[in-house]
Amino acid sequence: MVALCLYFEVHQPFRISHYRIKDISKHKDYFNDISNQSIFEKVARKCYWPAGLLIASLLKRHPNDFKVTFSMSGTFLQQCELYDLKLLELYQDILSLPNAEIICETSHHSLASLFDEEEFYKQIEIQKSTLKKLFNREPKAFRNTELIYSNKIGELVKKAGFDVCLLEGWDPFIPENWSPHHIFHHPYIHDLKLLPKSYKLSDDLAFRFSNRSWESWPLTAEKYHTWLEKLLDGNHEFVGLFMDYETFGEHQWADTGIFEFLDRFVTNIVYDKRFEFLTVSETANKFSPRAVMNVDRPLSWADTERDISAWLGNRIQEDALERAYKLKNDILLLDDNETTEEWRKLLTSDHFYYMCIKWSSDGDVHKYFSPFDSPYEAYLDYVNILEDLEIKCAEKIRLKELANSHVQGISNENIGEREECEKTTQASRPLKKSSHASGKMAN
């Protein structure tokens, strides 16, 4: 029997406003609420609602046989609360079912694992708290932003309290004589289980499904089923079908037949007892690690390189990231919730993805997701906002210090008044004797 682990990543960033140099110091809104709401509502109509309704139906129709796992970024969940509470209710209902799991990630879909260990842990704690509040769930497994993983990040994940982590099943990192259809473990943390994505079978759905020039187009549920049957030779334990949730309806439009495919594929599999659906945690519990998976440089699920060049591949990306994380000291010193949240939204990886200047097919993918006409426009608006935020922090810190010094002044005045009062009391002691004498006289 081969297990199928179906996992969906759900994420929306808070896209920034057009911020010109002349806007610096004016502290205008950093985030384009109109655009964010419009995009969220469009994706909700095309993907989140129809896919959610279909998955809820499949989970209820096959309560013992169909399993699914989600992760949802904190910025997506914030937008659910802002723009569509009924949609949030739908996913709360889905995640109230025992055959659905939600796993953890960084709250703001950030690259903190690469730059700031303390911020990485903080965002995990925020995300755990959000999942507890909205779904009453405590996540048992972890997936980092864009499946970015390395041996070093594995250490951080373990230190954050997780024993299971998802990662890209990229061939150069799969242990020799093994396929990505097994669980592996960290080189020196043997109880950290690593679940690789089966990128070929996943990308057939996520990227190639509607490509009419693809030799396997059109892909039917029956054809996909036969591909999975080839894995029933005893050499494969599980298949990690990991993909963006927006595959359903947004990246592959409804008229491609992607929803019908999902419905038919799941139905066919649940009646084929040679396969079983498992959640991420169930998969990790069922299978033992087969070998060491040594990932000595950051690996991700993006672009043909599967590295971090999608976010950190050129000078403008490096500069923007360095300046963003450099602001942390001011943010901590200020200790203001609203400003901290603005800063964290600016750490979301998408802002740096839009600054990518790759060409060819990877460049086309970046362009598809970007709200900007060019990477340089994305960079300019972003750094202008950072400069404004830096000035705003300095102003607020100065006001805070003034307020503290004023409070200290009042405190010093109170101490002075108290000391003066004590002197006055001491000077008044003879009056007590006089009063006592007066009493005696009265008697």
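Residues numbered from 1 in each chain as written. Predicted model: local features only at pLDDT ≥ 70, side-chain atom pairs only at ≥ 80, totals over all residues. Heavy atoms only, no water.

## Some words on the overall build of the protein chain
Under the convention used in this document: Labels follow the DSSP assignment, with helices taken as runs of H or I lasting at least four residues and strands as runs of E lasting at least two, numbered in each case from the N terminus. Here the globule rule reads 2.2 Å times residues to the power 0.38, and the radius of gyration is calculated from C-alpha atoms. The rule is simple: take the accessible area with a 1.4 Å probe, protein chains only, and divide by the maximum for that residue type; under 20% is buried, over 50% is exposed, in between is partly exposed. The Shrake-Rupley method, run with a 1.4 Å probe, gives the accessible areas here. Residue values count only the displayed protein chains as cover.
When helices and strands are counted, the protein chain shows 18 helices and 10 strands. Taken over the C-alpha trace, the protein chain has a radius of gyration of 28 Å; the compact-globule value for 443 residues is 22 Å, which it surpasses by more than 25%. Along the first, second and third principal axes, the C-alpha set of the protein chain runs to 115 × 55 × 45 Å. Counting across all 443 residues of the protein chain, residues that qualify as buried make up 54%. Just so you have it, the protein chain exposes about 20800 Å², and 52% of that area is on carbon and sulfur atoms.

## Notes on the domain arrangement of the protein chain
Applied cut-off: Bear in mind that the domain bounds are from an automatic or database domain assignment. Contacts: residue pairs with any heavy atoms within 4.5 Å of one another. When two parts are put together, the accessible area they lose, computed with a 1.4 Å probe and summed over both, is reported as buried area. Each salt bridge in this description consists of a side-chain nitrogen of Lys or Arg and a carboxyl oxygen of Asp or Glu lying within 4 Å of one another. Here a polar contact means two N or O atoms within 3.5 Å. Within protein one must be a hydrogen donor candidate and the other an acceptor candidate, and residues neighboring in sequence count only if both atoms are side-chain atoms.
As assigned here, the protein chain comprises domain 1 (2-292) and domain 2 (315-397). On a C-alpha basis, the centres of domain 1 and domain 2 stand 25 Å from each other. Counting from both sides, the interface comprises 35 residues of domain 1 and, opposite them, 33 residues of domain 2. Counting the surface lost from both domain 1 and domain 2, the interface buries some 2800 Å², and carbon and sulfur atoms represent 61% of this. Taken together, domain 1 and domain 2 are joined by three salt bridges. The interface formed by domain 1 and domain 2 holds 19 residue pairs in polar contact (both at pLDDT 80 or more) in total.

## Observations regarding helix H2 (residues 74-83)
Most of H2 is tucked away: seven of the 10 residues are buried. For H2, the set of buried residues is Gly74, Thr75, Phe76, Leu77, Gln79, Cys80 and Tyr83. Those residues of H2 hidden inside the fold are in contact with strand S1 (2-10), helix H1 (33-61), strand S2 (68-72), helix H3 (85-94) and helix H5 (117-135).

## Thoughts on the environment of Ile153
As for its placement among the helices and strands, Ile153 is situated in helix H6 (residues 151-159). A residue is classified by how much of its surface remains accessible, and Ile153, at 2% relative accessible area, is buried. For the pair Ile153 and Leu228, spaced 75 residues apart in sequence, the C-alpha separation works out to 32 Å.

## Considering the UniProt feature "domain: Glycoside hydrolase family 57 N-terminal" (unreviewed entry) in the protein chain
Put simply, the test is: UniProt positions are given in the numbering used here, feature names are shortened, and annotations may be inferred rather than shown by experiment.
The residues that UniProt annotates with the feature "domain: Glycoside hydrolase family 57 N-terminal" (unreviewed entry) are residues 6-295. Across residues 6-295, helical content stands at 41% and strand content at 13%; the span's end C-alpha atoms are separated by 23 Å.

## As for the packing of helix H7 (residues 199-206) against helix H8 (residues 221-229)
Cut-off, in case you're wondering: Only C-alpha atoms enter the line fits that serve as axes; for helices the fit covers just the stretch in contact. Angles between N-to-C directions range over 0 to 180 degrees. Working rule for angles: under 35 degrees goes down as roughly parallel, over 145 as roughly antiparallel, 65 to 115 as roughly perpendicular, anything else as oblique. The nonpolar class holds Ala, Val, Leu, Ile, Met, Phe, Trp, Tyr, Cys and Pro. Asp, Glu, Lys and Arg form the charged class, and all remaining residues, Gly among them, are polar.
At their nearest, the axes of H7 and H8 sit 12 Å apart, and the two run at 175 degrees to each other. On the basis of the axis angle, H7 is roughly antiparallel to H8. Together, Leu201, Ser202, Asp204 and Leu205 of H7 and Tyr224, Trp227 and Leu228 of H8 make up the contact between the two elements. Residue classes in the contact of H7 with H8 are distributed as five nonpolar, one polar and one charged.

## Concerning the side chain of Asp381
The line we're drawing: None of His or the chain ends enter the tally, which takes Lys and Arg as positive and Asp and Glu as negative.
Within the secondary structure layout, Asp381 lies in helix H17 (residues 375-427). Buried within the structure, Asp381 lacks any salt-bridge partner; Arg20 is the closest side chain of opposite charge, at an N-O distance of 7.5 Å. If we ignore the near neighbours within four places in the chain, the residues touching Asp381 are Ile16, Ser17, His18, Tyr19 and Phe372.

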